[in-house]
Amino acid sequence: MDKIQSDCPYPGCFFCVMKEANPSKRRASVLKFFRELPSQDDDGQVLPISGLWNTAMAHPNDPEFINLGIFECMSALIWKGLKNRRWLAHDQNIYIPYYAAHIIGSYTMNMEEFAERAVRAGVIPPLVELLRGRLTWVEQRVAVRALGHLATYPSTFPAVADHGEVLELAIQLASSSLEIVYSHFYQFVDRRLGYHCDLLTRGMGGVEMESRKAEEWASQLQCWSLQLINCFAFKPEFLHDICKADFLIKLPGMWGGLVNENSPAGVGLLRTICQNKVGRGHVANIPGTVEALCNIARSSDDWQYMAVDCLIWLVQDASTCHKVIDKVAPTLIDLANISTLGDYKRLGDTIVTVLQECMQQSGNSRGTISSQTKAEIDELLRSKQSLKLEKSMPKEDLHIKQAAALVVKLEGNSLFSSGNIAGAAEKYSEALALCPMKSKKERVVLYSNRAQCYLLLQQPLAAISDATRALCLHSPVNRHAKSLWRRAQAYDMLGLAKESLLDAILFINECSQSNDPDLSLKQNKVPDYAERLVKKQMRAAWLFREAALKHGGVHCEGDASDAFGQEADDSEWETASESDAENDARGEADDETEWKNDGHQEDFCEKS
C-alpha cells in the first residue's frame, strides 16, 4: 500500500487511508489494508486495531467494514497471535488478539446479518481457542462475549454448538472465572501483566484503579459466560449437560456484585432452565437451589421477578410441586399483595390462583402438602375473600374496624415501650386481624412494627416475612425505608450478606430521597449504623471473597474490600443489627417516627 501522507511514520497507515476524500479509493484502500495486515510484521499494527475497536464500539451497526472484510482480518490476526508467539511478543502486538475478538463481539451484538458474515469468515474456531485459555483470562473475556452474541441468533447458534466443547468451557469459566482473575491478576500486584493493567485502566494506571477494574471485568467474564450458557439452555438437548448438581448449586450466588448489577446473573439462567420441564425437575432435586430462589424472590433487586417466575413454574408443574411447595409457599404468600413486578400485572392475583390450584390438586393425592403449608394457604385465601367482602361493607363498619385496629396497635406500642416485646407482637397480630385489607398504609406499618418485634425476639425468618409483606403493600413497591432496614438486619442475622447489603443500600437511598424530616438524612450524612452494616456486608459479599480465602489472599492497599489478608474480624460490626435493635427496645416508644439523637438507632413505632 502506498504511503499517503509524507509525514506519517507508518507506510500505508490506516488512519491516513481513512482520510482519503474519494469514497471509492478509500474503500479500495481499506479492503487492501484488511487483506494485507495479517501477513505484515511492521511495527505499529496495534494502533489501527485499537482504532477499529473504537469504531466498532461506537458504530456497531455500520456495515462498511463488514463488507470490506474486517471479520476475515480479525480472525487471521487471532490465529497469528495464537500460532506465532514471536510476533505476539514484538512491539505491542500482545494487545491485538484482545482487540480483534472485541471487534468481532461488538459488530455481532445487534445484527444477525453481521453474525452470519462473521461465521462465514471463520471467526468461531479462533474464538474457541481463546475461550480455552490459550492466552489469558482477558482474551477469554472478550471471546466468551463474542461467542455469546453469535449464539444468540437462530441462524448462527448451530455453528457455535458444533464446537461441542464451547458449552463445557463456558460452564467451567462461569464457575471458576472469579478464582482465575483473583489468582492470576488481583492477588499478586508485583506479578501483574503490564498489558493487562493498561487494558483495564486505558492508560490511567494505579493499583487501586487496576484492582477495581479487575473486579468489574471478572464480573463480566462470569456474566458473559452465563449469557453464552443461557443460549444453550433454551435447547432441551443441552439441559442435562447444564443441570449438573455442583453447577446449579452455585448459580444463585453468581450475581456479579455491585459492579455488574444490571446483569441477569445466575438467576437469569435458572429462569431459562425452569421454563422447561426437564430443567424444573433438575432444579427441584438440587438441595439449596429452591431456598436460594426464595431469598432472591423476596429481594428488592432487579432479579426479583426472575426468581418469582421460577417459583411459580415449579409450583404449577405437577411433577415438581410436591417437592417444593413447602419451601416455596411461604415466599409466595409473602408476595401475594404485590401488584406490578417486572412484566407482571396483578402478580398477587396470579400467586393466589397458583396456590389455590395447588391446594385443589393436593386434595387428590395424600401427603403432598404439609398441614402447616395448607393452613398458611388457607389463611391467604381467607384474606383475599375478606377483601372481596369489604367492597360491599358499609363505610361506617370499615371505619369502626380501622379504629379498633388503631386502638390495639397503640396497646402494642405501649407494651413495646415497656419492654414486653412478645406482648407487642401479639397486639400487632390482633391489629392486623382487625385492620381492613384495603387499608394498605396501616397494614404496612403493622407488618413493619411486628417485624421489629421478631428481630428483637431473635426470629429473623419471621422478621423477613413481615418486612417483605410490608414492602409488597407499600406504594411504590419495595420502597418502605424502615422495612428495608429491618429486613437488612434479619438477613444479617442469617448470614445472607448479599441480601442484607442490597436492602441496606436501598434503605439509605430511600432516606436520601424521603420528604419525611424524620427519615431524611441530616446534612446528607449516612447513619452510622447503616454505614457499618454496608461495610460489613461489602466485605462478606466481596466478589473475590471465596477465592481470597482459598488462596490465602494478600492485603492490597486502597482496596475497599480490605482484600482478606486473613478472615476479617467482624466483632466490631455486631452492633449494626443486634445492638441497634436492642437499643430500640430500651428507648421510649412513640407513635411518631423519630431518629434517636445519637445517630446510632432508629425508632420502632410508626404513625399510620
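Residues numbered from 1 in each chain as written. Predicted model: local features only at pLDDT ≥ 70, side-chain atom pairs only at ≥ 80, totals over all residues. Heavy atoms only, no water.

## Describing the overall build of the protein
Check the secondary structure of the protein and you find 32 helices and zero strands. For the protein, the proportion of its 608 residues judged to be buried stands at 54%. Considering only contacts within the protein whose residues lie at least 6 apart along the sequence, 69% involve residues at least 24 apart. If you sum the accessible surface of the protein, you get close to 26300 Å²; carbon and sulfur atoms cover 50% of it. (Helix = DSSP H or I, 4+ residues; strand = E, 2+ residues; numbered from the N terminus. Buried < 20%, exposed > 50% of the residue type's maximum accessible area, 1.4 Å probe, protein only. Contact = heavy atoms within 4.5 Å. Areas by Shrake-Rupley, 256 points an atom, 1.4 Å probe, with all protein chains shown as cover.)

## Concerning helix 2 (residues 23-36)
Helix length check: helix 2, at 14 residues, gives a terminal C-alpha distance of 20 Å against a target of 20 Å (1.5 Å per residue), a fit within 8%. In the core, the buried residues of helix 2 are packed alongside helix 1 (14-18), helix 3 (46-58), helix 4 (64-67) and helix 5 (70-83). (Expected span 1.5 Å × (residues − 1).)

## Digging into empty space enclosed by the protein
A probe as big as a water molecule, rolled over the atoms, marks out the empty space that is left. A complete count under the given rule lists two cavities of 30 Å³ or more for this structure. What the second largest cavity holds in volume is close to 30 Å³. Lining the second largest cavity are Pro252, Met254, Trp255, Ala265, Gly266, Val267, Ile296, Trp303 and Lys498. With three residues, the top contributor of residues to the lining of the second largest cavity is helix 17 (residues 265-274). Of the residues contributing to the lining of the second largest cavity, the split by class is seven nonpolar, one polar and one charged. (1 Å grid on protein atoms, 1.4 Å probe; cavity = no way out; pocket = protein on both sides within 12 Å on 5 of 7 lines; lining within 4 Å. Points joined across faces, edges and corners; volume = space filled by probe spheres on them. Nonpolar A, V, L, I, M, F, W, Y, C, P; charged D, E, K, R; others polar.)

## Section: the packing of helix 21 (residues 318-334) against helix 22 (residues 347-362)
Where helix 21 meets helix 22, the closest approach of the two axes is 11 Å, and the angle between their N-to-C directions is 145°. Both helix 21 and helix 22 take part in a crossing whose hand is left-handed. For the pair formed by helix 21 and helix 22, the contact residues are Cys321, Ile325, Ala329, Leu332 and Ile333 on the first element and Ile351, Leu355 and Cys358 on the second. (Axes fitted to C-alpha atoms, helices over the stretch in contact; angles between N-to-C directions. Left-handed = near helix turned anticlockwise from the far one by under 90°.)

## Some points on the side chain of Ser211
As for its position among the elements, Ser211 is in helix 14 (residues 207-233). Within the structure, Ser211 has its side chain in polar contact with the side chain of Arg192 (distance 3.2 Å). (Polar contact = N/O pair within 3.5 Å; in protein donor to acceptor, adjacent residues only side chain to side chain.)

## Observations regarding the packing of aromatic side chains
Within this structure, the stated rule accounts for 21 aromatic pairs. Between Phe71 and Tyr107 the ring centres are 6.4 Å apart and the planes differ by 85°, which places this aromatic pair in the edge-to-face class. Placement of the pair is Phe71 in helix 5 and Tyr107 in helix 7 (residues 96-108), with a sequence separation of 36 residues. On the numbers, 5.0 Å between centres and 90° between planes, the contact of Phe232 with Phe238 is edge-to-face. Accessibility assignment for this pair places Phe232 and Phe238 in one class, buried. Counting every residue linked through ring pairs, the aromatic cluster contains Trp53, Tyr98, Tyr99 and Trp217. It is Arg145 that lies over the ring of Trp224; its NZ or CZ is 5.8 Å from the centre. The ring of Phe157 is capped by Lys235, whose NZ or CZ atom sits 5.1 Å from the centre of that ring. (Phe/Tyr/Trp six-rings, centres within 6.5 Å; stacked < 30°, edge-to-face > 60°. Lys NZ or Arg CZ within 6 Å of the ring centre and 35° of its normal.)

## So, unusual backbone geometry
Backbone torsion omega between Ser475 and Pro476 reads 5°, so that peptide bond is classified as cis. Considering the arrangement of structural elements, one finds Pro476 in the loop between helix 27 (460-473) and helix 28 (481-493). You will see that Gln458, though not glycine, has its phi angle at about 60°, which is positive. Mapped onto the elements of the fold, Gln458 is located in the loop between helix 26 (440-456) and helix 27. Its identity is not glycine, yet Asn478 carries a phi of approximately 65°, on the positive side.

## Side note on the confidence of the model for the protein
Put simply, the protein has an average pLDDT of 86, and 86% of its residues get 70 or more. For residues 1-5, every residue scores under 50 in pLDDT, and the model assigns this stretch 13 contacts once sequence neighbours within four places are set aside. (pLDDT = per-residue confidence, 0-100.)

## Remarks on the environment of Gly342
Along the chain, Gly342 falls in the loop between helix 21 and helix 22. Along the chain, Gly342 and Gln304 lie 38 residues apart, while their C-alpha atoms are 8.5 Å from each other.

## Considering the pattern of salt bridges
Enumeration according to the criterion identifies 22 salt bridges in this entry. A salt bridge links Arg346 to Asp349, with the shortest nitrogen-to-oxygen separation between them at 2.5 Å. For Asp349, a relative accessible area of 32% translates into the label partly exposed. A salt bridge links Lys536 to Asp492; the shortest N-O distance between them is 2.8 Å. In this pair, Lys536 sits in helix 30 (residues 528-540) while Asp492 sits in helix 28, placing the two residues 44 residues apart along the sequence. We note that Lys536, like Asp492, is buried. (Salt bridge = Lys/Arg side-chain N within 4 Å of Asp/Glu carboxyl O.)

## Re the environment of Val166
For Val166, the position within the fold is in helix 12 (residues 165-186). Overall, the relative accessible area of 0% leaves Val166 in the buried class. C-alpha separation for the pair Val166 and Val144, spaced 22 residues apart in sequence, amounts to 9.2 Å. Sequence-distant contacts of Val166, that is, excluding residues within four places in its chain, are made with Val128, Leu131, Val160, Leu228 and Phe232.

## Considering a positive patch on the surface
On the surface, Lys388, Lys391, Lys395 and Lys438 cluster together to form a positively charged patch. When you line up the elements, Lys391 lands in helix 23 (residues 371-391). (Patch = residues over 30% accessible without salt bridge, like charges linked within 9 Å, V, L, I, M, F, W, Y side chains within 5 Å. Lys, Arg positive; Asp, Glu negative; His and termini not counted. Charge placed at Lys NZ, Arg CZ, Asp CG, Glu CD.)

## A few points about helix 13 (residues 194-201)
The element helix 13 is extensively covered by neighbouring structure, given that six of its eight residues are classed as buried. Tucked into the core, helix 13 has its buried residues touching helix 7, helix 10 (137-152), helix 12 and helix 14. Note on helix 13: the residue one or two positions beyond its end, Arg202, has a positive phi of about 50°.

## What about the environment of Ile66?
Here Ile66 lies in helix 4. Relative accessible area serves as the criterion here: at 2%, Ile66 is assigned to the buried category. In sequence terms Ile66 and Phe114 are 48 residues apart; their C-alpha atoms lie 7.2 Å from each other. In this structure, Ile66 is in contact with Phe71, Tyr107, Phe114 and Arg117, ignoring residues within four places of it in sequence.

## A look at the state of the cysteines
By definition, a disulfide links the sulfur atoms of two cysteine residues through a covalent bond. Enumeration according to the criterion identifies zero disulfides in this entry. For the unlinked cysteine Cys274, the closest cysteine sulfur is that of Cys310, found at 4.0 Å. Of the residues examined, Cys274 reaches a relative accessible area of 0% and is grouped as buried. (Disulfide = S-S within 2.5 Å.)

## Observations concerning the packing of helix 18 (residues 277-285) against helix 21
In contact at an axis separation of 10 Å, helix 18 and helix 21 are set at 20° when each is read in the N-to-C sense. Classified by the angle their axes make, helix 18 and helix 21 are roughly parallel. The interaxial crossing formed by helix 18 with helix 21 has left-handed handedness. Contacts from Lys277, Arg280, Gly281, Ala284 and Asn285 in helix 18 reach Ser319, Thr320, Lys323 and Val324 in helix 21. Its residues placed into classes, the contact of helix 18 with helix 21 shows two nonpolar, four polar and three charged. (Parallel < 35°, antiparallel > 145°, perpendicular 65-115°, else oblique.)

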